[in-house]
Amino acid sequence: MEIKRDYYLNKLISKKNNRLIKIITGIRRCGKSYLLNTIFTNYLLQNGVKQDHIVFVALDDISNEELLDPHKLNDYIRDQRKDKDMYYVLLDEIQLVDKFVPLLNGLLRLDNVDIYVTGGNSKFLSSDIVTEFRGRGDEIRVYPLSFSEFLSVYDGSKYEAWKEYISYGGLPLVLLQKTSEDKVSYLNSQQKNVYLNDVIERNKVNNDKELYELVEILASGLGSLTNPLKLYNTFKSRNKESTVTDKTIYSYLQYLEEAFLIEKAVRYDIKEKQYIETPYKYYFTDLGIRNSFLGFRQIEESHIMENVIFNELKRRGYNVDVGVVEVREKDSRKRVEIDFVVNKGYDR
């Protein structure tokens, strides 16, 4: 089964040979490696690039173990260049290589090398990875399957597809699971053994129970206005013995955002044309992972629809805020909410 991801392919095509390092980021298991190693490679071959001018290295393959040494990888890539034509260097799981930032910055100085990288662990999942390349990085953010991508390979009606999509989300490997039990088992395994472990490992979180409970609270209140103080009060109402602080919760929220598990929508006052610092809303990057945290309960279609639309707008490259506008009602004024205020450049 081949899932076409033309939106991201076109992004890679538009950035080809732009003298920047293309950094493919996104939540684990969303299809970054497949996008680069299969879809983009096939595009290059179909458009006249010779096979020996595509330097692909899977750094998590035992046969490439010696290339985890940055000096050996550097020599290997440079040795592949036999002429002055452009060489496309595709490095999967680059975070396994020590000192990969200076390595890639050095390769970028070669006139006939175009570099593309993906990464999979907590070190590379951080949304601030682009800054490490000091202006030489160009990020392509990849999301789990959109509903249209999901529907394109789903064997059934669009209504059946929708029900499955809002239940199990858009991680590509979920589609390969045959039964509901298999899908639930896969998502539970990813949620427990991969996603939170990335956050805990990268940020040296001592109390993983608190972190897990925070994600449960966010999942349960999907699309609700909140802030660290509100979340702190929720913790206290659940467990008066809890020692968590609002500052700790603020840090946890940042960790979850950096790992692409959740995204924040800030409130924007339409009339005053200014942002309101708090409260704000959080949405989950993948609904299957969100539902897994809740044991696949609380699958309310209206709230999930809001999350799906938020992700779709973000996938299309928009900035998405929660709108607030003051309206007059008889002799009083009140603030009402606009679900989303969507911006791209000067267009709103």
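The structure we're discussing is the one just above.
This is a predicted model, so every value here is computed, not measured.

### Observations concerning the overall build of the chain
Next up, step 1: The secondary structure content of the chain amounts to 13 helices and nine strands.
Next up, step 2: For the chain, the C-alpha radius of gyration of 22 Å lies close to 20 Å, the compact-globule estimate for 348 residues.
Next up, step 3: For the chain, the C-alpha atoms occupy an extent of roughly 75 × 45 × 45 Å along the three principal directions.
Next up, step 4: Across the chain, every contact between residues at least 6 apart in sequence was considered, and the portion connecting residues at least 24 apart equals 70%.

### A few points about the sheet that holds strand β7 (residues 274-284)
Next up, step 1: Read from one edge of the open sheet, four strands run β7-β6-β8-β9, paired in mixed fashion. At either end of the open sheet lies a strand with only one pairing partner, and these are β7 and β9 (332-343). For this sheet the average axis-to-axis angle between neighbouring strands, irrespective of direction, equals 30 degrees.
Next up, step 2: With 10 bridges connecting them, strand β8 (residues 319-329) and β9 associate as antiparallel partners. Bridged to V320 within β9 is V342.
Next up, step 3: Relative to the sheet, helix α11 (residues 246-258) contacts β6 (262-269) and β7, its axis offset from that of β6 by approximately 110 degrees.

### Considerations on the sheet that holds strand β2 (residues 54-58)
Next up, step 1: If you walk across this open sheet you meet the five strands as β2-β3-β4-β1-β5, and the pairing is parallel. The open sheet is flanked by β2 and β5 (137-141), the only strands paired with a single partner. In this sheet, adjacent strand axes meet at a mean angle of 15 degrees when their direction is disregarded.
Next up, step 2: Bridge analysis of strand β1 (residues 21-25) against strand β4 (residues 113-118) gives three bridges, and the strand direction is parallel. When the sheet's bridge partners are listed, K22 is paired in β4 with Y116.

### Observations concerning a nonpolar patch on the surface
Next up, step 1: Taken together, the side chains of M1, L173 and L176 present a nonpolar region at the surface, about 300 Å² in accessible area.
Next up, step 2: Here L173 shows up in the loop between α7 (158-168) and α8 (180-203).
Next up, step 3: Taking the relative accessible area as the measure of exposure, L173 reaches 38% and is therefore partly exposed.

### Points about the nonpolar core
It is characteristic of soluble globular proteins that their nonpolar side chains tend to be buried jointly.
Next up, step 1: Among the nonpolar cores identified, the biggest contains 68 residues, and F40, L187, L214, L218, L253, L256 and L261 are the most heavily contacted of them.
Next up, step 2: Setting aside residues no more than four positions away along its own chain, L261 makes contact with I27, Y195, L196, V199, L256, Y283, F284, T285 and I289.
Next up, step 3: Listed in part, the 24 residues of the second largest apolar core include V57, L73, F100 and V113.

### Describing helix α4 (residues 100-107)
Next up, step 1: In terms of burial, α4 is largely enclosed, as seven of its eight residues are buried.
Next up, step 2: Taken as a whole, α4 has its buried residues at F100, V101, L103, L104, N105, G106 and L107.

### So, the pairing of β7
Next up, step 1: Direction of pairing for β6 relative to β7: antiparallel, over a ladder of seven bridges. When the bridges of β7 are listed, K264 appears paired with Y282.
Next up, step 2: Connecting the antiparallel pair β6 and β7 is a turn made up of four residues, with K273 showing a positive phi of about 55 degrees.

### With respect to the packing of α8 against helix α9 (residues 208-220)
Each pair of packed helices can be described by the angle between their axes along with the distance between the axes.
Next up, step 1: α9 packs onto α8 with a crossing angle of 110 degrees between their chain directions and a minimal axis gap of 11 Å. Between α8 and α9, the interaxial angle falls into the category roughly perpendicular. Along this stretch, α8 crosses α9, giving a crossing that reads as right-handed. Judged by residue contacts, Q191, L196, V199 and I200 of α8 engage D208, L211, Y212 and V215 from α9.
Next up, step 2: Along the lines of polarity and charge, the residues of the contact of α8 with α9 split into six nonpolar, one polar and one charged.

Reading the values: the criteria
- The numbering scheme is per chain: residues are counted from 1 as the chain's sequence reads.
- Local features in a predicted model are, by the rule used here, given only for residues with pLDDT of at least 70; side-chain atom pairs are given and counted only at 80 or more, and totals for whole chains, interfaces and linings are based on all residues.
- Where side-chain values are given, they derive from all heavy atoms of the structure, hydrogens and water being excluded.
- Comment: elements are numbered from the N terminus, with helices defined as DSSP H or I runs of at least four residues and strands as E runs of at least two.
- Each radius of gyration is computed over the set of C-alpha atoms, and the globule rule expresses the reference value as 2.2 Å times the number of residues to the power 0.38.
- Between two residues, a contact is recorded if the distance between any of their heavy atoms is within 4.5 Å.
- Whether two strands pair depends on DSSP finding at least two bridges between them.
- Where helices are involved, their axes are fitted lines through C-alpha atoms of the stretch in contact, as for all axes, and angles between N-to-C directions lie from 0 to 180°.
- Put simply, a patch holds well-exposed residues, over 30% relative accessible area, that have no salt bridge, with like charges counted together within 9 Å and Val, Leu, Ile, Met, Phe, Trp or Tyr side chains within 5 Å.
- Surface accessibility follows the Shrake-Rupley procedure with a 1.4 Å probe radius. Residue values consider only the protein chains on display as shielding.
- Any Lys or Arg side-chain nitrogen found within 4 Å of a carboxyl oxygen on Asp or Glu counts as a salt bridge.
- Exposure classes here rest on a 1.4 Å probe applied to the protein chains alone. A residue is buried below 20% of its type maximum, exposed above 50%, and partly exposed in between.
- Residue types Ala, Val, Leu, Ile, Met, Phe, Trp, Tyr and Cys, when buried and joined through side-chain atoms within 4.5 Å, form a set referred to as a nonpolar core.
- Angle categories: roughly parallel below 35 degrees, roughly antiparallel above 145, roughly perpendicular from 65 to 115, and oblique for all the rest.
- Left-handed describes a crossing whose near helix is turned anticlockwise from the far helix by less than a right angle; the clockwise case is right-handed.
- Polar here means any residue other than Ala, Val, Leu, Ile, Met, Phe, Trp, Tyr, Cys and Pro, which are nonpolar, and Asp, Glu, Lys and Arg, which are charged; Gly is therefore polar.

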